[in-house]
Amino acid sequence: MEREAALMAALPAQVAHAQASSPAYTELLAGVDAAAITSRAALAQLPLTRKSSLAAAQAARRALRLGGFAAGIPRRIFQSPGPLYEPEPDADGADPWRIARALHAAGIRPGQLAHVGFSYHLTPAGAMMEAGLRTLGAASFPGGVGNTELQLQALLDLQPEAYAGTPSLLRILLEKAAEGGRALAYLQRALVSGEACPPALVAWFAERGVDAYQCYATADLGLIAYQTVAREGLVVDEGVIVEIVRPGSGEPVPEGEVGEVVVTTLSPGYPLIRFATGDLSAVLPGTSPCGRTNQRLRGWLGRADQSAKVRGMFVHAGQVTEVLARCAQRGRARLVIDGELAQDRMCLRVEAEPAEGLVERLQAALRDVTKLRGEVVLVGAGSLPNDGLVIEDARRLE
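Residues numbered from 1 in each chain as written. Predicted model: local features only at pLDDT ≥ 70, side-chain atom pairs only at ≥ 80, totals over all residues. Heavy atoms only, no water.

Comments concerning the packing of helix 7 (residues 148-158) against helix 8 (residues 167-179)
1) Next: Interhelical geometry of helix 7 versus helix 8 gives an angle of 75° and a closest axis separation of 10 Å. Compared by their axis directions, helix 7 and helix 8 come out roughly perpendicular. Where helix 7 abuts helix 8, its residues T148, E149, Q151, L152 and L155 lie against L169, I172, L173, K176 and A177.
2) Next: Partitioning the contact of helix 7 with helix 8 into residue classes produces 6 nonpolar, 2 polar and 2 charged. (Axes fitted to C-alpha atoms, helices over the stretch in contact; angles between N-to-C directions. Helix = DSSP H or I, 4+ residues; strand = E, 2+ residues; numbered from the N terminus. Parallel < 35°, antiparallel > 145°, perpendicular 65-115°, else oblique. Contact = heavy atoms within 4.5 Å. Nonpolar A, V, L, I, M, F, W, Y, C, P; charged D, E, K, R; others polar.)

Some thoughts on the pattern of salt bridges
1) Next: Here the structure, examined in full by the defined rule, presents 27 salt bridges.
2) Next: Here R40 and E4 are joined by a salt bridge, their closest N and O atoms 2.7 Å apart. Residue R40 is found in helix 3 (residues 40-43), and its partner E4 is found in helix 1 (residues 2-21); the two are separated by 36 residues along the sequence.
3) Next: Here E4 falls in the partly exposed class, since its relative accessible area comes to 28%.
4) Next: Note that R98 and D237 form a salt bridge whose closest N and O atoms lie 2.6 Å from each other. With R98 in the loop between strand 3 (84-87) and helix 5 (100-105) and D237 in the loop between strand 10 (234-236) and strand 11 (240-245), this residue pair connects regions lying 139 residues apart in the sequence.
5) Next: With relative accessibility at 16%, the residue R98 sits in the buried group. (Salt bridge = Lys/Arg side-chain N within 4 Å of Asp/Glu carboxyl O. Buried < 20%, exposed > 50% of the residue type's maximum accessible area, 1.4 Å probe, protein only.)

A look at the side chain of D220
1) Next: Following the sequence through the fold, D220 ends up in the loop between strand 8 (211-218) and strand 9 (222-226).
2) Next: When its relative accessible area of 3% is taken as the criterion, D220 is described as buried.
3) Next: Not counting residues up to four positions away in its chain, the partners in contact with D220 are K51, L54, L84, E86, Y270, L272 and F275.

Topic: the nonpolar core
1) Next: If you look at the biggest cluster of nonpolar residues, it comprises 38 residues, and the most contacted ones within it are V15, V242, I273 and L297.
2) Next: Listed by contribution, the elements that provide at least two residues to this core are helix 1, helix 2 (23-28), helix 3, helix 4 (51-60), strand 9, strand 10, strand 11 and strand 12 (259-265).
3) Next: Counting residues per element, this core draws most heavily on helix 1, at 5 residues.
4) Next: If we ignore the near neighbours within four places in the chain, the residues touching L297 are Y216, A225, G233, L234, V236, V242, I244, S281, A282, V283 and L284.
5) Next: W97, I99, I108 and L191 belong to the second-largest nonpolar core, a separate cluster that totals 27 residues. (Core = buried A, V, L, I, M, F, W, Y, C linked by side-chain atoms within 4.5 Å.)

Considerations on the state of the cysteines
1) Next: Applying the stated rule across the entire model yields 0 disulfides.
2) Next: Free of any disulfide, C197 has its nearest cysteine sulfur in C215, 11 Å distant.
3) Next: Overall, C197 belongs to the buried group, its relative accessible area being 5%.
4) Next: Cysteine C290 is unpaired, with the sulfur of C215 as its nearest cysteine sulfur at 15 Å. (Disulfide = S-S within 2.5 Å.)

Below, the structure is given as structure tokens:
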């Protein structure tokens with residue numbers, strides 16, 4: 001409760017800072033009383049910022065560095081595919097992406113050496129890990145990606161206790177070492193990110209003496225959440241506010257329900273407000289057995305930016321939300337598209353109590369919003385799967 005109170009107390013100042021220092025948020029949050037944004041309910045009334053909005057602003061407003069979303073002059077600017085450019089979020093911070101906490105949770109300690117298996121070229125991933133290691137008091141070897149023979153030689157020569165990078169590169173290095181009959185017994189800890197690392201791969205690492213933990217981080221936001229020794233979900237970083245919203249909308253969902261991860265940062269240099277990541281997750285109830293008391297996420301559960309092409313027209317998750325809003329309906333809904341190739345059928349399944357004329361109103365709204373005709377079926381509360389899926393493409397394409 002104290003941490004939540006502290007986050008909510010910091011929120012008005014961050015909103016005001018974004019309004020005053022970021023030209024993009026000066027426009028997006030025009031008319032918003034920052035002093036009134038003191039709760040999650042108030043935060044949920046603000047508009048979402050999507051990654052596509054950043055890219056569009058950067059392309060259209062080149063006179064404003066980074067599309068006007070950054071506050072002040074960044075120390076460094078990086079590039080992600082798109083291209084999308086991201087600033088180092090806090091020019092004055094020793095660990096601007098807040099990675100040290102995740103490294104410590106993975107068991108990496110001061111005085112140790114970590115082999116960094118993230119790119120140092122264009123993207124910030126390598127710099128993110130290196131800054132966290134430096135803050136932790138650990139040394140780093142900037143291995144980057146590729147050149148696996150040289151990287152393996154460095155592992156053999158330097159004998160690092162830890163690894164920080166993608167799980168795929170770690171696996172390749174361990175396999176190459178084994179092929180040459182060389183053991184990496186001193187490599188005992190790893191913080192992996194950037195790719196899926198299922199339990200089977202975690203177990204594979206453990207069989208080879210490497211205790212691997214995962215973290216959820218992005219170039220835009222830095223650390224969002226990280227795994228601990230309890231291995232029950234991911235603990236949310238204390239420098240961000242995380243919401244889970246219904247895909248295609250900005251409406252928060254109940255605890256435990258799958259939805260899109262939306263993050264508000266407390267970074268002064270890149271004050272992203274309600275940044276929609278496009279990732280699906282859910283809040284785990286209770287606290288972690290490891291003793292950390294912050295909010296937890298179930299982990300990455302898929303992508304929220306769902307769409308499908310039906311009879312030559314694209315249908316998006318946001319349109320399903322608009323259909324429900326027009327009929328004053330809230331809760332889960334799923335647009336199921338089935339049929340054989342070139343014979344598409346749409347059925348909107350909505351968790352709602354039967355009411356006179358409701359089906360007809362939903363059908364009319366579905367036709368108006370999507371420009372397509374579809375069936376509407378009302379189902380009981382809790383009937384639809386808790387998986388965050390709003391558009392289900394069940395067509396037979398053969």
